[in-house]
Amino acid sequence: MIGVLINTNLLAVSVVNELFQIGESAVTIEIVQSNDAGLVFFHPHEDEKTSYEDVKKLINQYGGKLVSIKQQGKRLVEVKYQGKQYIFDPNRIFTPQGIKDTLIKYSSFHQQVAKDIQNFADRIASLVLGRLVVAVHNNYDKGYNISSYKNSDEVKYYYQNPKQGTGEFFYTTNDPFFNFAKVAGYNAVVQSKSVTNDGSFSVYAALKGVEYINLEVKRGEDSLEQEMLLFLMRYFANQYSNLPVKGWATLTKGDTIDLIAPSSATSKDSIDRTVKILEEFGFKISTKYAKIMPTKLNYANTDQYRANAFIQAMNNPDSQAVWVVKGGAGATRLLPKLLKYPAPKISKPLIGFSDVTGLHNFVNQQWKMPSLHAIVAGYNSEVDAGINTNINIGESIKTVVDILLEQENKALFYSHLIPMNTSAKQATKIDGSLLGGNLTLVQSTLDTPFQARLDDRILILEDIGNSAHQLERILDNIRYSQLLNGVNAIILGEFIQTTQDKKAVIDMIDLVLQRFANGVDIPVFRGDFFGHSKLNHPMPLNTTTQIFKNGNDFSIKVNIK
């Protein structure tokens, strides 16, 4: 079991206090900010100390900005004007109606005080407004919690995880974030358009078209708040940060490769044989993250163990690559758990295909790292000789090893791509980067937080186990969805029902693939060099790629990193 991953390298942080005049009183706005850009947090209630302290820790570790209102440790702000005291809630001042209502509720209304408060609210907004604002609050989980919104007209969507306490939840104006939080197992609600104008920052953000997220956590729940803050950071990095893809370092003989089993179970004999052969190529092989304890569904281990093992292997500073032993099924079960962890600080190649497709997409798009669509460690010409599955029986481990040992800026070239439609035949050069893999796994993420974003990408697809009719249903689903919007090209690899398909089956599958190519206005090519049959040439994902025409032949150039 692993805990929350913490970056121990603290960043330089500045603290600035601004004094703002309201009536005859000065109210302090504290701005805690690092040099590294990151999430912007708004902390309106000074008495909610857990959220304040946890956000400061996060900014020290990962960067960002915190704007906090200081008023002698109190929740409400008290000011004086012409000898009279005025009191207001600093999270109810972002609309004129809100200012009026909060002054009347806690004291009385005065036009000049309201004007000063409006200027105060404008200053706060100028400090925190961006594409995404996160407000942080603490509650007592009695009068106010997630249940307060159940069956309420003021929320559009409501999700309560029965395994989570009611005091911890996200309140947001954004549907996609709601889906992310729900899939990750967090309580969440989406504000509706008919919400009462109470002057809260959520109402103001909606009026301004800014994505707003409020993190509510029960007072004193420090560890859970830190976990949910890291989840927010992960979401921000994925959705809003234009970070460059982090390439991995070239391996050398003697480096360590971690074997993992995130999908179906395999035998100890198979792992032992795989280790022995990989060691013959000059690497040290670790199996500490590949503990096999088959479940009733024949997954290699429990969902939690497999997720933890994947996270640990990708973060292991003592290994230089992570190679999946076997595909099969079960890896998509890990994805919601992975959302709770920040991207590793180091980049290393994840190697595998088939059921590994979901993990590849997560690494490529959530963590912004390249990976390697290639043979699994346990099925290839060397290891399979003793297993007889015929999957990738013609592909050597050496093809992957050569890539791992290559120097920077090396590229792979594969020729004889077959253009399958008019758009492909008319193309001369198509740029992008490869994403995708197994068709069934790509389809399984449609309309989920894990769906691939394919703008300016080249989509690769292959599959096994589907009849021609099943295959056409899946391809139609892909064609009718929004997945292909913005795709530059598609390369179809091997599509087989079994490793022993007869000609009649092959002909029907070929017909289905041709019908798919004819039904899209995207260049579609066929390449018989990757998939579940004899060959499965390495295909680096999330690296610079180009399909180009040379005479009458189409080829593909893929940078290794």
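The structure we're discussing is the one just above.
Residues numbered from 1 in each chain as written. Predicted model: local features only at pLDDT ≥ 70, side-chain atom pairs only at ≥ 80, totals over all residues. Heavy atoms only, no water.

Caption draft 1: Summary view of the packing of helix α2 (residues 96-106) against helix α3 (residues 111-128). Remark: α2 packs on α3, axes separated minimally by 10 Å, with the N-to-C direction vectors making an angle of 125°. With respect to α3, the element α2 is oriented oblique. For α2 against α3, the interelement crossing comes out right-handed. Within the contact between the two elements, α2 uses Pro96, Ile99 and Leu103 and α3 uses Val113, Ala114, Ile117 and Gln118. For the contact of α2 with α3, the class distribution of residues is 6 nonpolar, 1 polar and no charged. (Axes fitted to C-alpha atoms, helices over the stretch in contact; angles between N-to-C directions. Helix = DSSP H or I, 4+ residues; strand = E, 2+ residues; numbered from the N terminus. Parallel < 35°, antiparallel > 145°, perpendicular 65-115°, else oblique. Left-handed = near helix turned anticlockwise from the far one by under 90°. Contact = heavy atoms within 4.5 Å. Nonpolar A, V, L, I, M, F, W, Y, C, P; charged D, E, K, R; others polar.)

Caption draft 2: A look at the sheet that holds strand β17 (residues 411-419). Pairing is mixed in the closed barrel, where 7 strands are placed in the order β17-β21-β20-β19-β18-β23-β24. Neighbouring strand axes in the sheet, compared pairwise and without regard to direction, differ in orientation by 40° on average. When β17 meets strand β24 (residues 553-559), the two strands line up antiparallel, connected through 5 bridges. Each bridged residue has a counterpart across the sheet, and for Tyr414 the counterpart in β24 is Ile556. Its contacts with the sheet place helix α15 (residues 503-518) against β20 (489-496) and β21 (524-526), and it is angled at close to 165° to β20. (Pairing = 2+ DSSP bridges.)

Caption draft 3: Fine view of the nonpolar core. Ranked by size, the top nonpolar core spans 62 residues in total, and within it Phe41, Phe170, Phe231, Leu232, Phe310 and Leu350 carry the most contacts. Of all the elements, helix α6 (residues 222-239) adds the most residues to this core, at 9 residues. Discounting chain neighbours no more than four positions away, the residues touching Phe310 are Ile260, Leu338, Leu350, Leu359, Val363 and Trp367. Membership of the second largest hydrophobic core comes to 46 residues, among which are Val383, Ala427, Ile430 and Ile458. (Core = buried A, V, L, I, M, F, W, Y, C linked by side-chain atoms within 4.5 Å. Buried < 20%, exposed > 50% of the residue type's maximum accessible area, 1.4 Å probe, protein only.)

Caption draft 4: Quick look at the environment of Thr256. Summarising the element assignment, Thr256 is placed in strand β12 (residues 256-260). Given a relative accessible area of 17%, Thr256 falls into the buried group. Expressed as a C-alpha distance, the spacing of Thr256 and Lys284, which sit 28 residues apart in the sequence, is 4.5 Å. Apart from residues no more than four positions distant in its own chain, Thr256 is found in contact with Lys284, Ser286, Asp318, Ser319, Gln320 and Ala321.

Caption draft 5: Expanded view of the environment of Val376. Inspection of the secondary structure puts Val376 in the loop between β16 (371-373) and α11 (397-404). Owing to a relative accessible area of 2%, Val376 belongs among the buried residues under this scheme. Sequence separation of Val376 and Asn392 is 16 residues, and the distance between their C-alpha atoms is 9.2 Å. Setting aside its immediate chain neighbours within four residues, Val376 contacts Trp323, Val324, Val325, Lys326, Gly327, Gly352 and Phe353.

Caption draft 6: Region of the structure containing the pattern of salt bridges. Taken as a whole and assessed by the stated rule, the structure comprises 17 salt bridges. The residue Asp47 makes a salt bridge to Arg219 at a minimum N-O spacing of 3.3 Å. Here Arg219 lies in the loop between β11 (211-218) and α6 and Asp47 lies in the loop between β3 (40-43) and α1 (49-62), a separation of 172 residues in the sequence. A salt bridge links Asp303 to Arg306; the nearest nitrogen and oxygen atoms lie 2.4 Å apart. Highlighted residues: Asp303 and Arg306, both in helix α8 (residues 303-315), separated by 3 residues, approximately one helical turn. As far as burial versus exposure is concerned, Asp303 and Arg306 are alike and both buried. (Salt bridge = Lys/Arg side-chain N within 4 Å of Asp/Glu carboxyl O.)

Caption draft 7: Region of interest: the sheet that holds β16. Pairing is mixed in the open sheet, where 6 strands are placed in the order β13-β12-β14-β15-β16-β22. Of all strands in the sheet, those bounded by a partner on one side alone are β13 (284-286) and β22 (539-541). The average angle at which neighbouring strand axes cross in this sheet is 25°, direction not considered. Sheet contacts for α8: β12, β14 (321-324) and β15 (350-352); angle to β12, the most-contacted strand, approximately 170°.

Caption draft 8: The arrangement of the environment of Trp248 in detail. Along the chain, Trp248 turns up in the loop between α6 and β12. A C-alpha to C-alpha distance of 4.9 Å links Trp248 and Ser347, two positions 99 residues apart in sequence.

Caption draft 9: Quick peek at α15. Taking 1.5 Å per residue as the helical rise, α15 with its 16 residues ought to reach 22 Å, and the 22 Å between its terminal C-alpha atoms agrees with that figure. By the burial criterion, the buried members of α15 are Ile509, Val512, Leu513, Phe516 and Ala517. Relative to the axis of α15, the buried residues are bounded by an arc of 140° and lie together on one face. Seen from the buried face of α15, the exposed residues on the opposite side, beyond 90 degrees, are Lys503, Ala504, Leu511 and Asn518. (Expected span 1.5 Å × (residues − 1). Arc of directions from axis to C-beta.)

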